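If you want the building blocks of each chain, they are given just below.
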Amino acid sequence: MVVEFHNEPATDFTDQENQQAFKDALKKVKAEFGKEIPLVINGEKIFTDDKYESVDPANHQQVLGTISKASKEQVDQAMEAAKEAYKTWRKWTPKERAELLIRVSAIIRRRKHELSALMVYEAGKPWNEADGDTNEGIDFIEYYARSMMELAHGKQVFDREGEHNQYIYKPMGPGVTIPPWNFPFAIMTGTTVAPIIAGNTVLLKPAEDTPLIAYKLIEILEEAGLPKGVVNFVPGDPKEIGDYLVDHKDTHFVTFTGSRATGTRIFERAAKVQEGQNFLKRVIAEMGGKDAIVVDENIDTDLAAQAIVDSAFGFSGQKCSACSRAIVHKDVYDEVLEKSIKLTKELSIKHTEGGSDVYMGPVINQKQFDKIKNYIEIGSKEGKLEVGGKTDDSKGFFVHPTIISDLKSSDQIMQEEIFGPVVGFTKCDNFEELLEVANDTDYGLTGAVITNNREHWRQACEDYDVGNLYLNRGCTSAVVGYHPFGGFKMSGTDAKTGSPDYMLNFLEQKILSEQF
Ligand code: NAD
């Protein structure tokens, strides 16, 4: 068990001082627009001729920064640096590594609003979501540092007459971190720091939509004194260097978070032993979801509607845990639907720099915008468009929160991950059927059950096949150390981020047995 861990508290934006501090941070970040971001290999900043731009999804003409792109040769150089750094970094004690990382979290805490403000522009995050993203990054560091301290001396095995035995944990070697854009600080930070706290070294390839916020972590790691080569920064086009990073003979592990298509590709490719490779690669693949809120009869319909709307539309539904299916008992279906529509109509949608009261910003990019729009068209034919459906990409990629009702479980929008502000409603006759529909998906990430029937909750605990199951609340907002996160089925390898077991993903176990 990890002791003395406290979550980073959310910023109270009703406090005028906090409001002002955040506005100042937005100004500071804005003043830095147009910056050039290098690769960082062995601590050296490398500006390449081949570059791409990071833009504001709420104002896509606004270039936020220009990013150097790593070539395959530069990936090789980064891997050499990571191999070299590993020789000494692995010999730092867990305590020494943890202390350095705690220093990193202290710097992040000091620069919290600046990081969150950058996510307002680069990811279109509302203030509270951006604040939560930064706080979760801090939580991951604090939690994993403590967790590694607890594993520092291994676990107990038994001695017997004439024999002393030890069971200890060792790092594995250099590996690759591939994060998504939707938690561009938290997930990127968590999946970069966990392997290094364990004593490994890393090549970090940030998501192409959010390289600027990833570079902030690189700056902070340098400021905290992380030795050169422990984390190497290799932004680039995944089509050019994605497979190369995964296939590399010296890649010992890949920690990936993203879509099912990419995750399964990585899983498959990493299984192949390359020439010169004398170990098996480990893959952590945290992938998509088709998460549902199951609503039983005899419940508080206000609570159900609020849970559905919050979980479906927070950060424009761009969370792997977002509620994209509301599966509702026939006796309360009309009431829950009506209340959800009413709440949805009250949501504001615009550029999130406008203030802490803006509920929703844009979706991340043109590709996602087009994909979501297409799903709304399909869904409007499969069921009934109740609210939303409006889209506008003239300035930013805005999709209004959308509810589609009267769907069947087999409908396309009830089966495929949309990753946008769209939720489908379907009706069932009894609790068995509600659970059957909830499980009728390839995914198994999160789910929530709204019920006052304890027997039904017990049944859901047994039979609802998801990694994170919640009672009488929404299906988003997992908290590090409280709700370790990860899914079943095609949602991934269930590595459970923020759990007491997570560090084991980056460690090997060794037995030392002495005869007296
Ligand atoms: P994505 O798969 O398109 O990209 C994720 C990362 O993979 C990016 O860094 C991208 O550059 C990289 N990538 C793409 N092709 C690659 C290749 N061939 N080889 C190596 N790397 C490659 O996913 P996304 O659109 O960035 O993220 C959204 C998805 O992430 C959704 O499906 C969402 O559910 C999922 N997600 C899951 C979790 C979780 O914990 N289970 C958390 C957040 C997001």
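Residues numbered from 1 in each chain as written. Predicted model: local features only at pLDDT ≥ 70, side-chain atom pairs only at ≥ 80, totals over all residues. Heavy atoms only, no water.

## Some thoughts on the sheet that holds strand β5 (residues 59-68)
Then step 1. Judged by pairing direction, the sheet is mixed, and its three strands sit side by side in the order β1-β5-β4 without closing on themselves. This sheet does not close on itself; its edge strands, each paired only once, are β1 (35-37) and β4 (51-56). Neighbour to neighbour, the strand axes of the sheet diverge by 40 degrees on average, direction disregarded.
Then step 2. Contacts from helix α4 (residues 112-122) reach β4 and β5, with the element oriented near 95 degrees to β4.
Then step 3. Contacting β1, β4 and β5, helix α7 (residues 211-224) crosses the sheet at an angle of about 40 degrees to β5. (Pairing = 2+ DSSP bridges. Helix = DSSP H or I, 4+ residues; strand = E, 2+ residues; numbered from the N terminus. Axes fitted to C-alpha atoms, helices over the stretch in contact; angles between N-to-C directions. Contact = heavy atoms within 4.5 Å.)

## Observations concerning the nonpolar core
Then step 1. In terms of nonpolar packing, the biggest core is built from 70 residues, with Leu 101, Val 104, Ile 108, Tyr 144, Val 231 and Met 503 touching the most fellow members.
Then step 2. The leading source of residues in this core is helix α5 (residues 127-151), at 10 residues.
Then step 3. Setting aside chain neighbours within four positions, we find Tyr 144 in contact with Gly 190, Val 193, Ala 194, Ile 197, Thr 497, Gly 498, Tyr 502 and Met 503.
Then step 4. Counting residues in each nonpolar core, the second largest holds 30 residues, with Val 295, Ile 349, Val 387 and Ala 448 among its members. (Core = buried A, V, L, I, M, F, W, Y, C linked by side-chain atoms within 4.5 Å. Buried < 20%, exposed > 50% of the residue type's maximum accessible area, 1.4 Å probe, protein only.)

## Some details on the domain arrangement of the chain
Accessible area lost during the coming together of the parts is what is often quoted as the interface size.
Then step 1. Each domain of the chain was delimited in the assignment, giving domain 1 (28-287 + 494-515) and domain 2 (291-479).
Then step 2. Placing a centre on the C-alpha atoms of domain 1 and another on those of domain 2 gives a separation of 31 Å.
Then step 3. Of the residues lining the interface, 23 residues belong to domain 1; the matching set on domain 2 comes to 32 residues.
Then step 4. Both faces combined, the contact of domain 1 with domain 2 buries some 2,300 Å², and carbon together with sulfur accounts for 58% of it.
Then step 5. Sorting the residues of domain 1 by area buried against domain 2 places His 60, Trp 127 and Trp 181 first, and these three jointly supply 24% of that buried surface.
Then step 6. Our count for the contact surface shared by domain 1 and domain 2 stands at three salt bridges.
Then step 7. Residue classes in the side of domain 1 that touches domain 2 are distributed as 10 nonpolar, four polar and nine charged. (Domains from an automatic or database assignment. Buried area = accessible area lost by both parts, 1.4 Å probe. Salt bridge = Lys/Arg side-chain N within 4 Å of Asp/Glu carboxyl O. Nonpolar A, V, L, I, M, F, W, Y, C, P; charged D, E, K, R; others polar.)

## A look at the UniProt feature "domain: Aldehyde dehydrogenase" (unreviewed entry) in the chain
Then step 1. On the UniProt side, "domain: Aldehyde dehydrogenase" (unreviewed entry) is annotated at positions that read residues 50-510 here.
Then step 2. Between the end C-alpha atoms of residues 50-510 there is a gap of 44 Å, over a span that is 40% helix and 21% strand. (UniProt positions renumbered as here; feature names shortened; annotations may be inferred.)

## Focus on the UniProt feature "active site" (unreviewed entry) in the chain
Then step 1. The sites that carry the UniProt feature "active site" (unreviewed entry) are, in the present numbering, Glu 286 and Cys 320. What stands out for the annotated residues spanning 35 residues is how close their C-alpha atoms remain, the widest pair being 9.3 Å apart.
Then step 2. One can find Glu 286 in strand β11 (residues 282-286).
Then step 3. Given a relative accessible area of 8%, Glu 286 falls into the buried group.
Then step 4. In contact with Glu 286, not counting residues within four places along its chain, are Phe 256, Thr 257, Gly 258, Phe 485, Gly 486, Gly 487, Ser 491, Thr 493, Asp 494 and Ala 495.
Then step 5. Note on placement: Cys 320 falls in the loop between α10 (301-313) and β13 (323-329).
Then step 6. The class for Cys 320 is buried, based on a relative accessible area of 15%.

## Re the pairing of strand β12 (residues 291-295)
Then step 1. Summarising burial for β12: five of the five residues are buried, a large majority.
Then step 2. Burial along β12 is two-sided: the face carrying Asp 291, Ile 293 and Val 295 and the face carrying Ala 292 and Val 294 are both buried.
Then step 3. Inspection of the sheet shows β12 paired to β13 by five bridges, in the parallel sense. In the strand pairing of β13, Val 295 is matched with Val 328.
Then step 4. Between the parallel elements β12 and β13, the chain passes through α10 in a crossover that is right-handed.
Then step 5. Summarising the sheet, β12 and strand β20 (residues 446-450) pair through four bridges and their orientation is parallel. Pairing of Val 295 across the sheet is with Ile 450, part of β20. (Right-handed = clockwise from strand over helix to strand, strands pointing away.)

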